[in-house]
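An overview of the molecular structure
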Amino acid sequence: MTGAASRDGYGAALLDLAGDDRIVVLEADLGKSTKSCLFRAEHPQRAFSMGIAEQNMMLVAAGLASTGMIPFASTFAIFTERGFEQVRNGIARPGLVAHICGSHGGIHTGTDGSSAQSIEDLAIYRTLPNMTVMHPCDASSTRALTKALVNHGSASYTRTVRNKTRKIYTDEEAAKLKIGEFSVLTEGSDVAILACGVMVQEALDAAETLAGEGVHATVVDVHTLKPFDHDEMKRISESCGAVVTAEDHSIIGGLGGAVAESLTAHHPVPLERVGVKDTYGMSGQPAELMEHYGLTANDIVDAAKTAIRRRNV
Amino acid sequence: MSDNTPEFTDKSVDELVDIARGCRREIVKMVKRANAGHPGGSLSVIDLIVGLYGRTLRVSPTEPKHPGRDRLILSKGHASPAMYAALHAFGFLDETDLHSYRMFNGICQGHVDSKWTPGVDFSGGSLGMGLSFGLGVAISGRLTGRDHHSWVILGDGECQEGEIWEAAMAASHHRLENVTVIVDVNGIQNDDFVDQQMVMGDLSAKWAAFGWKVRDINGHDMTEIAEAIEWSKTTVGPCVILARTTKGKGVSFMENNPSFHGKAPDDEEFKLAMEELA
C-alpha cells in the first residue's frame, strides 16, 4: 500500500481477519472514517452499528469479549475518550480482551480543528493495567500489528491517523514487527530519535539532515507504547547518550512520557521531547499545522542538537 | 465442560420466599461484619435475584463458566450482598465465603466482580454499564447460535445514566430478544429519594418509547416475579420488568430510609434486624 493512511491498514486488517468467526466489528457512526466500513460491506452480519453512543459500544465490546468473541470497536480517537471510564472499568479492569481503534489521532487530522484532534489518547490509555497501546506509522504496519492482536492476550487501544503518510515498511517487513518491541529503522551512535505515527517519517528526514552534518542518529519506530520495550530503550540510551522523542501528541504522558519514565529508571540521559506543547490544535492543512506546532523534521533536528549539547556539557 | 446447557433449579414460590428470607439475614450479617456496604438496595433487590435463580437461570455451581449458561448481570453492583447471599443459597459459595465480603483479598469484593467470585459474570461498581454488557453477550448468542439469556438488573436511580438509554436504543434497534431488564424501582439513591435527586417521570413510558415491552409488578411478591419472568420469556422483546420495591425491605428501620443506602447497622440495630428476619 503506497501513499495510504494508517486507518486504511486497519480496515484491510479487519478484512484479513474476517475468516475467523469470532471477529465482530462495532461502529459508532464513523465506519467510513475508521475504515471498518470495509468489513461491514463484506460481512454485515458481524458488523453492528451502535449509533453515536460510544459508552454503550465499549461495554457491548466487553460483553462480546466475555463470551470468547473478538470485538474490534472503532471511532475517532477523541470519541473513544468519551468512553474512557467504560474502557477502564468495563474492559481493562475485568481483563476482557476487546480491541479499540481510535482513528484521526493528532493535530495532523487537519481542518476539522481542535475538537477532532486527540492529543491525549495515548497518555490516558497508557495508564490502564491490562491495556496494550499502539500507534503504528503507516498502513502496512497498522495492518500487520492489528492482525497480530488476535493472538495477543490483552485489551488494546490502537491509534490510527486520517491522512496519507509515507510508506515506511514493505508488507514483508511489516509482518516481522512484534507488538511490544521497538523497530529500529537506522542505527547511529550520536543521538537516538524515538518516534511514533506520522512523526516517524519526520524522524527519518531529520536523521538524513543530521547525517549531512556528520551526526549519526538511531531512529526507532515505537509502534507500541505499552508494553514498553525497556530493554531496547536501555541499550539505545547507553549507546547514544542523548534522546529525542517525536509524536503528534501532547508532550505530557505519551511517547515522551513513556521514554522519560524508562530513562529515569534505567539509564538517565538528556531527553528532548518534540510534540504538542500543552496546548490545543486548530483548523488548517496538516503541513501548516505541523509547522505551527513544531512537529517537523527541522524541529527534530534542533531537538537532537540540543540533546547532544546537553550531553556534552 | 459438559456440552449441555445447565438446567435451572425449579423451586416453588413458597421455597423461594423461604430462601429470600434466609438471604436477607445473610445480607444484614455481611454488612454488619464488614461495617460497611449497601443493605438498603440489597434488601430491595433480593426477591428478584432469588426469583431468577429459582425459576429460570440455567447455571451450574459445578460449571460456573459454562459457555451456554444464562447470565445474571447485576448492573447495580453495589447490591453485591444480595448476589453473594443468593450464590450461597444456590450452591456457588460456602458460608465462609460470605465472611470475606469487603475483607482484604476476599473473594466477595465490595462490588460484584467477575474476576473474584464464581457465578458472577459482570464486574459492576460503576453504574450504567450492565445493560450494554448484556447486549454484547446477547449479540454473541445470536452469532454463535447459543440460546443463553442475559438478565440485567438495574436500579431506578441508575437509569439516570445516559448509557442505559444508549443501550436501550441499541437493544431495540438490533431486535435483541435474548435480553431482559429488571429495574429495582426502590425510589431511593445514594444521597436521597430519587425524586429529590432527579425526577425520573414515567419510567414505563420511557422504556416503551425506546421500543421495549414493559410490565409493572410488585417486586416483593414472588408469584408476580415468577409470572413476570414467564411473561418476558414468552413475549417478543426486548422486555423490561419494572419491579416496584421498598428499599431496605424486611428490616423496619431500614425500610424506605435513605440513610441505609450505604450504611451498616449498629449493634442494637443489628439485633433488632435479626429478630425481625427470624
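Anything mentioned here points back to the structure above.
Just so you know, these numbers come straight off a predicted model, no measurement behind them.

Things to note about the overall build of chain A
Helix and strand content of chain A: 14 helices and 12 strands. For 313 residues, the compact-globule estimate of 2.2 N^0.38 gives 20 Å, and chain A sits close to it at 19 Å. Across its three principal axes, chain A shows a C-alpha extent of roughly 60 × 40 × 35 Å. Within the span of chain A, comprising 313 residues, buried residues form 63% of the whole. Summarising the internal contacts of chain A: among those between residues at least 6 apart in sequence, 79% fall at separations of at least 24. Accessible surface, chain A: about 11200 Å² in total, of which carbon and sulfur atoms supply 49%.

Observations regarding helix 6 (residues 162–173) of chain B
When the terminal C-alpha atoms of helix 6 of chain B are compared, their 17 Å separation across 12 residues agrees well with the 16 Å that a helix rising 1.5 Å per residue should span. Lining the buried residues of helix 6 of chain B we find helix 4 (54–66) and helix 6 (84–92) of chain A together with helix 5 (130–144), strand 2 (150–155) and helix 8 (203–209) of chain B. Backbone geometry just after helix 6 of chain B places B:Arg175 at a positive phi near 50°.

Structural notes on the sheet that holds strand 12 (residues 271–276) of chain A
All names here are of chain A. As summarised here, the arrangement of the 5 strands in space is 7-9-8-11-12, forming an open sheet in which the pairing is mixed. Only two strands of the sheet have a single neighbouring strand rather than two, namely strand 7 (183–186) and strand 12. Between one strand axis and the next, the sheet turns through 25° on average, direction left out of account. With 5 bridges joining them, strand 8 (residues 191–195) and strand 9 (residues 217–221) adopt parallel strand pairing. Across the sheet, Ala-195 pairs through a bridge with Asp-221, a residue of strand 9. Sheet contacts for helix 11 (residues 230–240): strand 7, strand 8, strand 9 and strand 11 (243–250); angle to strand 8, the most-contacted strand, approximately 145°.

Conventions we followed
- Residues numbered from 1 in each chain as written.
- Chains lettered and ligands numbered in written order.
- Predicted model: local features only at pLDDT ≥ 70, side-chain atom pairs only at ≥ 80, totals over all residues.
- Heavy atoms only, no water.
- Helix = DSSP H or I, 4+ residues; strand = E, 2+ residues; numbered from the N terminus.
- Rg over C-alpha atoms; globule rule 2.2 N^0.38 Å.
- Buried < 20%, exposed > 50% of the residue type's maximum accessible area, 1.4 Å probe, protein only.
- Contact = heavy atoms within 4.5 Å.
- Areas by Shrake-Rupley, 256 points an atom, 1.4 Å probe, with all protein chains shown as cover.
- Expected span 1.5 Å × (residues − 1).
- Pairing = 2+ DSSP bridges.
- Axes fitted to C-alpha atoms, helices over the stretch in contact; angles between N-to-C directions.

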